[in-house]
Every structure is written in C-alpha cells, then in structure tokens.
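Listed here are the chains, written in short residue letters.
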Amino acid sequence: MNMKQSVAGRVAARFDLPAEAASAAPRITISGGDRVLVEGHRGLLEYGEDRIAAAGAGGSRILIKGDALRLRTMRGRELVVTGRLWSVELE
C-alpha cells in the first residue's frame, strides 16, 4: 500500500466514511441508461458521438460507449455524458 492509499484509508476510517470517499479513484454513476456522471476524472482523452474517454487515477481510463453521446457538463473533476449508453468501462 502506498502512502496516499494509507492516508486515505486512515481518513475514511477516522470519519467513518466509505473507503472510496477518501480515495483518488473515480466515482461513476449511471442513471437510467442515458446519463453517466464521472467524478474524479483527470481529463478528457477522446470525444466522439459513439465514445468518450477520460483519464482516471493511476493511469486508468474510463471509456463510455454509446450512440449520440454528448458531453453535457465538464466542471473541475466532474463530467456528465448523455446519450444512449452501450457500456461504461474502467480500463
């Protein structure tokens, strides 16, 4: 376990939070098959009508595939994608 993970784990335990609340890992919320909220991304890597990719922590990649995808919101480390979703992958 590296130092950042250790500190995040201790913070989560101290304040009785879920571990993911204190980690650098992205949080992905899918709503109704037509909306994805990604919190904690590190930047947009690819943008098109059928696929949108964002960088995650530690070199990971968040890949959203679908039809008529649109980037609705991108603010800070949060982005919202809408359209007909086929898959959301964490690579």
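In this report, we go over the structure that sits alongside the text. Everything numeric here is computed off the predicted structure, so don't read it as measured data.

Assigned secondary structure in the chain consists of one helix and six strands. The N-to-C order of helical and strand elements in the chain reads α-β-β-β-β-β-β. Counting over 91 residues, the chain shows a buried share of 31%. For the chain, contacts bridging at least 24 residues in sequence account for 39% of all contacts bridging at least 6. By element, 51% of the accessible surface of the chain is carried by carbon and sulfur atoms, the whole surface being about 5900 Å².

A word on unusual backbone geometry. A positive phi angle, close to 55°, is found at Ala68, a residue other than glycine. In this fold, Ala68 is placed in strand E5 (residues 61–75).

What counts, and where the lines are drawn
Residues numbered from 1 in each chain as written. Predicted model: local features only at pLDDT ≥ 70, side-chain atom pairs only at ≥ 80, totals over all residues. Heavy atoms only, no water. Helix = DSSP H or I, 4+ residues; strand = E, 2+ residues; numbered from the N terminus. Buried < 20%, exposed > 50% of the residue type's maximum accessible area, 1.4 Å probe, protein only. Contact = heavy atoms within 4.5 Å. Areas by Shrake-Rupley, 256 points an atom, 1.4 Å probe, with all protein chains shown as cover.

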